[in-house]
Amino acid sequence: MMQFRWYFPGLAVTAMAVVMAIAAPATAQEKVLRIGMTAADIPKTTGQPDQGFEGNRFTGIPLFDALTHWDLSSADKASVVIPGLASEWAADATDRTKWIFKLRPGVKFHDGSALTADAIVWNVEKVLKKEAPHFAPDQIGVTVSRMPTLASARKIDDLTVELTTKEPDSFLPINLTNLFIASPAHWQKKFDALSTVADPAERAKQAWTAFAADASGSGPFKMAKFAARERVEYVKNADYWDPKRVSKIDRVVLLPLPEANARTAALLSGQVDWIEAPAPDAVPQIKSKGFTIYANAQPHVWPWQFSFAEGSPWLDKRVRHAANLCINREDLKSALGGFMEVPKGTVPPGHPWWGSPKFEIKYDLAAAKKLMEEAGFSATKRLKVKTITSASGSGQMQPIPMNEFLQQALKDCHFDVELDVIEWNALFTNWRAGAKDASSRGAHATNVTFAAMDPFFAMVRFTSSKTVPPTSNNWGYFTSPELDGLIAAARTSFDATARDAALAKLHAKIVEEAPFLWVAHDVGPRAMSPKVKGVVQPKSWFIDIATMSVE
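Residues numbered from 1 in each chain as written. Predicted model: local features only at pLDDT ≥ 70, side-chain atom pairs only at ≥ 80, totals over all residues. Heavy atoms only, no water.

Engineer: Could you give an account of the overall build of the protein chain, naming the residues involved and the relevant values?
Structural biologist: Scanning the protein chain from terminus to terminus reveals 17 helices and 21 strands. Rg of the C-alpha trace for the protein chain: 23 Å, near the compact-globule value of 24 Å for 551 residues, within the 12% margin. Taking the principal axes of its C-alpha atoms as reference, the protein chain extends roughly 70 × 60 × 50 Å. Evaluated residue by residue, the protein chain yields a buried proportion of 61% over its 551 residues. (Helix = DSSP H or I, 4+ residues; strand = E, 2+ residues; numbered from the N terminus. Rg over C-alpha atoms; globule rule 2.2 N^0.38 Å. Buried < 20%, exposed > 50% of the residue type's maximum accessible area, 1.4 Å probe, protein only.)

Written as structure tokens, this is what we have:
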């Protein structure tokens, strides 16, 4: 079995000292939950988080609401879309580009202003309408790339809003889980206070900066303190509109701790109550101290995404297939302490979108070598490939050791792999810039993990000619008329059975063409103090803090 070394030297004194300095305890009477994130900075708190889906998990879902929510209440069933700020919605039967959303009455933002259709229109226009006074260019990437067909919003009455898409798109209600609704009235106060700033665009930018440090959404928590790159604190929203999600926790403290040793030191020393992605070799020590490890299979893919730009070594399908056959994923799972699932594609066999692809992702070293030799490579003529990755980040699991495992494994199949480690947010930003952009640093593949809980996130954004950079995440420019046709058939199917059948054909084609090296499905391991109760680890990238309690 191939082994690799974990970068966990034990209780790092310097790391612990840093955490002790920034995580001073709150008052004894408060029920406080302290969380060590993998992100190196606090995800944006403007309503459209960055830092990947760790941003949605820790600054989006707690502080804000969206028109539609994910059901995070079960550890046994797949997470599905449920009503959020919208109590119901439907596409127009005669014009499938029009959607009507009915809003819940009586919802208030944290600043006390009413959440009405005007607020929904305002939040759509902040990323789609350049002439809007509150236009936020830095929020476009994490919004438009996740709902690229959304074109406009129109108020019908105070509790009814019409959303229009560029083309019929049955995926829209799922995509809207990413459009978090910020308070227009609160932003306007920040803007008005900057009356001495003459340039409107600069004034809007500064207003958004001020909003981020004092955010107002409608979620189950309110912002209490904010320090960039250091911490953010929330207090419970006792007036939250959903009684099932009125928090029993008084205060939440979020700390960016991108290094696994720092996170583990903070947990074991009692400075935090919860850490994301503990280092696998620290798990026995964590368990021996009475902490609980939560894990569950997620719709999540840990891949290399290949470049199809001119000159890429991955243009040859034999090479792509060889890489997928060269990895002993069971060995990797063992090295990760069992904290991964072995993939057969983007979704597992038995899933409604599986589609029975003709190419099987498995470990077959002899077949991999044969394909590479047919492609012209050998022990004396090796194929050089470069992959960009990060040292940490949302859903990245254990990126350095895992990539070093791949680097060693692929040597057996005549690959020489160069790893280029960059900061997580830079990697994530490049994901939309694409393989041809200078920020790719000459890489032939990128290692950004992705969610696979809905059709757009799982497949469409990586395979459509309409999602190439800078629109969305088709980083490698993997396109074809056949793929576009399969996507159109799925997107325009408003009947669930017909849509699943179309998506199954799309998934089968993707696996057969292999635009990824499928390495793992995450199980989202997180370690928590036994005093944290009511934890539901759903089959989702996300988790709901609002339903937990602290003893």
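Engineer: Any chance you could break down the pattern of salt bridges for me, citing the residues and the numbers?
Structural biologist: Applying the stated criterion across every chain, the model contains 32 salt bridges. Ionic pairing is found between lysine 236 and aspartate 250, a salt bridge with its closest N-O pair at 4.0 Å. One end of the pair, lysine 236, is in strand E9 (residues 231-236); the other, aspartate 250, is in the loop between E9 and strand E10 (251-256), and 14 residues separate them in sequence. Between arginine 526 and glutamate 276 there is a salt bridge, with its nearest N and O atoms 2.7 Å apart. Of this pair, arginine 526 sits in strand E19 (residues 526-528) while glutamate 276 sits in strand E11 (residues 274-276), placing them 250 residues apart in sequence. The exposure classification of arginine 526 matches that of glutamate 276, with both residues buried. Via salt bridges that share partners, Lys317, Arg320, Glu482, Lys509 and Glu513 belong to a single interconnected network. (Salt bridge = Lys/Arg side-chain N within 4 Å of Asp/Glu carboxyl O.)

Engineer: Account for the confidence of the model for the protein chain, naming residues and giving values.
Structural biologist: Residues shown with low pLDDT carry predicted positions that ought not to be read at fine detail. Looking at the protein chain, pLDDT values average 93 and 95% of them are 70 or higher. Within the model, pLDDT remains below 50 along residues 1-23, and this stretch shows 48 contacts once partners closer than five positions in the same chain are excluded. (pLDDT = per-residue confidence, 0-100. Contact = heavy atoms within 4.5 Å.)

Engineer: Which residues make up the nonpolar core, and what values do they have?
Structural biologist: Core analysis: the biggest nonpolar cluster contains 118 residues, and Trp274, Trp304, Trp314, Phe415, Leu506 and Ile545 have the highest contact counts within it. With six residues, helix H15 (residues 455-463) is the largest single contributor of residues to this core. Ala91, Val121, Met147 and Leu150 belong to the second-largest nonpolar core, a separate cluster that totals 24 residues. (Core = buried A, V, L, I, M, F, W, Y, C linked by side-chain atoms within 4.5 Å.)

Engineer: Any details on the state of the cysteines? Residues and values, ideally.
Structural biologist: Counting across every chain of the model gives one disulfide. Residue cysteine 326 pairs covalently with cysteine 413 via a disulfide, S to S 2.0 Å. The sign of the S-S torsion, about 100°, decides the handedness of the disulfide formed by cysteine 326 and cysteine 413: right-handed. With cysteine 326 in the loop between helix H10 (317-325) and helix H11 (329-335) and cysteine 413 in the loop between helix H13 (399-411) and strand E15 (415-422), this pair connects stretches of sequence that are 87 residues apart. Cysteine 413 shares its class with cysteine 326; the two are buried. (Disulfide = S-S within 2.5 Å.)

Engineer: Any details on empty space enclosed by the protein? Residues and values, ideally.
Structural biologist: For the structure shown, the criterion picks out four cavities of 30 Å³ or more. Each pocket or cavity is described by its volume, and for the largest cavity that value is around 170 Å³. The wall of the largest cavity is formed by 16 residues, among which Arg57, Glu276, Ala277, Gly395 and Asp522 lie closest to the centre. Among the residues forming the lining of the largest cavity, the class breakdown is four nonpolar, seven polar and five charged. As a volume, the second largest cavity reaches approximately 70 Å³. In terms of lining, the second largest cavity is formed by Ala277, Pro278, Pro280, Leu336, Phe339, Met397, Gln398, Asp522 and Pro525. Tallied by class, the residues present in the lining of the second largest cavity amount to seven nonpolar, one polar and one charged. (1 Å grid on protein atoms, 1.4 Å probe; cavity = no way out; pocket = protein on both sides within 12 Å on 5 of 7 lines; lining within 4 Å. Points joined across faces, edges and corners; volume = space filled by probe spheres on them. Nonpolar A, V, L, I, M, F, W, Y, C, P; charged D, E, K, R; others polar.)

Engineer: Break down the packing of H10 against helix H17 (residues 496-513) for me, with residues and values.
Structural biologist: Contact geometry for H10 and H17: axes closest at 9 Å, N-to-C directions at 95°. Put simply, H10 runs roughly perpendicular to H17. On H17, the residues touching Lys317, Arg320 and His321 of H10 are Val511, Glu512 and Glu513. Of the residues in the contact of H10 with H17, the class split is one nonpolar, one polar and four charged. (Axes fitted to C-alpha atoms, helices over the stretch in contact; angles between N-to-C directions. Parallel < 35°, antiparallel > 145°, perpendicular 65-115°, else oblique.)

Engineer: Explain H17 residue by residue, including any values.
Structural biologist: Look at H17: 26 Å from first C-alpha to last across 18 residues, which is about the 26 Å you get at 1.5 Å a residue. Along H17, the positions that sit buried rather than exposed are Arg499, Ala502, Leu503, Ala504, Leu506, His507, Ala508, Lys509, Ile510, Val511, Glu512 and Glu513. Contacts made by the buried residues of H17 are with H10, H15, helix H16 (481-491) and strand E18 (516-520). Backbone nitrogen of threonine 497 and a side-chain oxygen of the N-cap are separated by 3.2 Å at the start of H17; the cap is aspartate 495. (Expected span 1.5 Å × (residues − 1). Polar contact = N/O pair within 3.5 Å; in protein donor to acceptor, adjacent residues only side chain to side chain.)

Engineer: Would you mind going over the layout of surface pockets in detail, with residue names and values included?
Structural biologist: Space inside the largest pocket adds up to approximately 860 Å³. Every residue lining the largest pocket is counted, 38 residues in all, and those nearest its centre are Ser79, His351, Trp353, Met453 and Asp454. Contributing elements (two or more residues each) for the lining of the largest pocket: helix H5 (172-175) and H17. Partitioned by chemical class, the residues of the lining of the largest pocket number 24 nonpolar, eight polar and six charged.

Engineer: Lay out the environment of glycine 55 with the relevant residues and their values.
Structural biologist: With respect to the helices, strands and loops of the structure, glycine 55 is situated in helix H2 (residues 52-63). Residue classification places glycine 55 among the buried positions, given a relative accessible area of 0%. Separated by 430 residues in sequence, glycine 55 and glycine 485 have C-alpha atoms that sit 33 Å apart. In this structure glycine 55 touches Pro43, Pro49, Asp50 and Gly60, once residues within four positions along its chain are discounted.

Engineer: Please provide a residue-by-residue account of the sheet that holds E10, values included.
Structural biologist: Taken in spatial order, the seven strands make up an open sheet running E8-E9-E10-E1-E11-E19-E12, and their pairing is mixed. With one partner strand each, in any of the chains shown, strand E8 (221-227) and strand E12 (292-294) form the two edges of the open sheet. Between one strand and the next, the sheet's axes are offset by a mean angle of 20°, whatever the strand orientation. Across the sheet, helix H8 (residues 260-268) lies against strand E1 (32-37), E11 and E19, angled at about 165° from E11, the strand it touches most. (Pairing = 2+ DSSP bridges.)

Engineer: For the packing of H16 against H17, give the residues involved together with the corresponding values.
Structural biologist: Two elements in contact, H16 and H17, have axes separated by 8 Å at closest approach and are oriented at 155°. Judged by the angle between their axes, H16 and H17 are roughly antiparallel. Here the hand of the crossing between H16 and H17 comes out left-handed. Here Glu482, Leu483, Leu486, Ile487, Ala489 and Ala490 of H16 come into contact with H17, specifically with Arg499, Ala502, Leu503, Lys505, Leu506, Lys509 and Ile510. Grouping the constituent residues of the contact of H16 with H17 by class yields nine nonpolar, no polar and four charged. (Left-handed = near helix turned anticlockwise from the far one by under 90°.)

Engineer: Quick one: what's the story with the pairing of E10, residue by residue and with numbers?
Structural biologist: For E10, a buried count of six out of six residues is recorded, marking the element as mostly surrounded by other parts of the structure. Residues of E10 alternate between two faces, with Arg251, Val253 and Leu255 on one and Val252, Leu254 and Pro256 on the opposite face, all of them buried. With six bridges joining them, E1 and E10 adopt parallel strand pairing. The partner of isoleucine 35 across the bridge, within E10, is leucine 254. Summarising the sheet, E9 and E10 pair through four bridges and their orientation is antiparallel. Within E10, the residue paired with valine 232 across the bridge is leucine 254.

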